[in-house]
Amino acid sequence: MSAGRRLGRVWRRRGPLRTRLALSVTSAVALVAVGVCAAAYLVVRSALYEQLDLSLTQSARLAAQRNPGSAPGVLAGECRFLAAPACAEVVPADPADDPRPPGQLPVAPAARKVAQGTKAPYYTNITVAGHPARMLTTDYAKGRALQVALRADTVRDGIEEAARWLALTAAAGVLLAALLGYWVSRTGLAPVARLTATAERIAATRDARHRIELPPPGREDEITRLATSFNTMLDELERSVTAQRRLVADASHELRTPLTALRTNAELLARADRLTPEQRDRASTALGRQLREVTGLVGDLIELARDEEPRPLVEQVRLGALVEHCAQAARTHWPAVPFHVRVPAEPVVVPGVPARLSRLLGNLLDNAAKFSPAGLPVEVELTAGAPGRGPQLTVRDHGPGISPQDLPYVFDRFYRAGTARALPGSGLGLAMARQIARAHAADLTAEPAPGGGALFRLAF
């Protein structure tokens, strides 16, 4: 028995969901159908016997009125015939007073007690001359009881007929429940089947462009919400895969040129004995510069591959001091460009990772200085923000600005405007700055500055 229960539990856990749902619905509907049919059978049986008992009561009353105070023995009727009236017999309390010969109706000890007055009248099912009958035993006179019986063939046949029809109805109900359970499981789990098929197709083809078909508006349910969430997840997966492929393609394209130059200079230095000292110095300098460029590019790619900032490194950062520090570093790196910094007197504090925020500000300042003509300033301003809004940092240069054609793409990886192709850099600085900004719940935007130049706005 325990092994059977274990197998049942294993099947419930591992059986197909559609089969389990169909069987559950079938069992529930079948149980209701069988229960209703069983209740109907009991009601019909009770009603038929109630009618027969009422006839027996009327027959006993008539027999007592026609034969008041009769001696023990047969009063009337011939129970062997179906159409005959009820047969009646008087039963004495003492078996010694039984008539000779005895009547057709069986006399039970309970009938003696009714004759003695110690038991209430009762009904019982008996067999008379091989036929079913129903008998009433009731009080008659002092020391005597009256037994009245009627053939119960019609009642028995009616009960059997009702049982057959109710059994057929229950069987039809079970069959209908099975069909209904199959339909419910097939219809209710159709979105799940589509979801499973889509997931299997994606796993087989590795193509995240597939989507689950959704029902028309107004027919949403839990399964539809699950399918919608799955489609949303596929959208995110497709964007992630597309971004990954684009990053790999762009990175391979950007790395090809410096790696080729590195290989050329390395091969050139391998033949140093054929070069003049000036040629060796130029090749060595170029090799070192290209190594730094490749190292910086690889470092930028690693930074861009990070989706979010490490939580343990987040702390309260004083933006004013960080801006001053980054501006001082930029002055050292770009001595020909003046940096004008304005920060509020009161401290401005935001949660973040100082090193990452420093990298963000450094990229913005380097980008502004790269496009600023010598002698024209880069203007950096930090404001505390209005009530209900966070602090805001702006970086403005006085360079050629951003053309309307380039403005939508300035934060894309490896994107470089036509005016910037001759300048140093890999096209990853602004993309990395926006990623760091988003990781700090900030919004980084670019726009043309009034009077010329570009304006970058960082709003926390």
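As shown above, the structure is provided for reference.
Draft legend 1. Representation of the sheet that holds strand β9 (residues 378-383). As summarised here, the arrangement of the five strands in space is β7-β9-β10-β12-β11, forming an open sheet in which the pairing is mixed. In the strand order of this sheet, the two ends are held by β7 (339-342) and β11 (443-448), each with one partner. Taken pair by pair, the neighbouring strands of this sheet meet at an average axis angle of 15 degrees, ignoring direction. Sheet topology note: the β11/strand β12 (residues 454-459) ladder contains six bridges and is antiparallel. In the sheet register, T445 faces β12, and the bridge partner there is R457. Helix α8 (residues 319-333) rests against β7, β9 and β10 (392-396) of the sheet, and its axis sits at about 175 degrees to β7. The strands touched by helix α10 (residues 429-439) within the sheet are β11 and β12, with β11 carrying the most contacts at an inclination of about 135 degrees.

Draft legend 2. Structural detail: the packing of aromatic side chains. Considering all chains together, one arrives at one aromatic pair under this definition. The positively charged end of K119 is found above the aromatic ring belonging to Y122, 5.3 Å away from the centroid.

Draft legend 3. Spotlight on the side chain of N367. Take N367: it is sitting in helix α9 (residues 354-371). Assessed through its relative accessible area of 13%, N367 is described here as buried. Once residues within four sequence positions are removed from consideration, N367 is found in contact with L430 and F456.

Draft legend 4. Geometry of the pairing of strand β4 (residues 131-141). Most of β4 sits out of view: eight of its 11 residues are buried. Bridge count for strand β3 (residues 122-128) against β4 is seven bridges, and the pairing is antiparallel. Looking at β4, one finds that Y122 is bridged to T137. Here β3 folds back onto β4 in antiparallel fashion, the turn holding two residues, of which A129 has a positive phi close to 55 degrees. The sheet contact formed by β4 and strand β5 (residues 144-151) spans eight bridges and is antiparallel. Bridge pairing links A133 to R151 in β5. Taken together, β4 and the strand that follows it, β5, pair antiparallel across an intervening segment of two residues, in which G143 is found at a positive phi of about 80 degrees.

Draft legend 5. The arrangement of the pattern of salt bridges in detail. Under the counting rule described, the total for this entry stands at six salt bridges. When the shortest N-O distance is used, the salt bridge between R342 and E381 registers 3.3 Å. Of this pair, R342 sits in strand β7 while E381 sits in strand β9, and the two are 39 residues apart along the sequence. Overall, the relative accessible area of 44% leaves R342 in the partly exposed class. You can call E381 partly exposed: its relative accessible area is 30%. Put simply, R457 and E447 hold a salt bridge, and the shortest N to O gap is 3.3 Å. Placement of R457 in strand β12 and of E447 in strand β11 is noted, with a sequence separation of 10 residues between them. Note on R457: relative accessible area 24%, which makes it partly exposed.

Basis of the calculations
Residues numbered from 1 in each chain as written. Predicted model: local features only at pLDDT ≥ 70, side-chain atom pairs only at ≥ 80, totals over all residues. Heavy atoms only, no water. Pairing = 2+ DSSP bridges. Helix = DSSP H or I, 4+ residues; strand = E, 2+ residues; numbered from the N terminus. Axes fitted to C-alpha atoms, helices over the stretch in contact; angles between N-to-C directions. Contact = heavy atoms within 4.5 Å. Phe/Tyr/Trp six-rings, centres within 6.5 Å; stacked < 30°, edge-to-face > 60°. Lys NZ or Arg CZ within 6 Å of the ring centre and 35° of its normal. Buried < 20%, exposed > 50% of the residue type's maximum accessible area, 1.4 Å probe, protein only. Salt bridge = Lys/Arg side-chain N within 4 Å of Asp/Glu carboxyl O.

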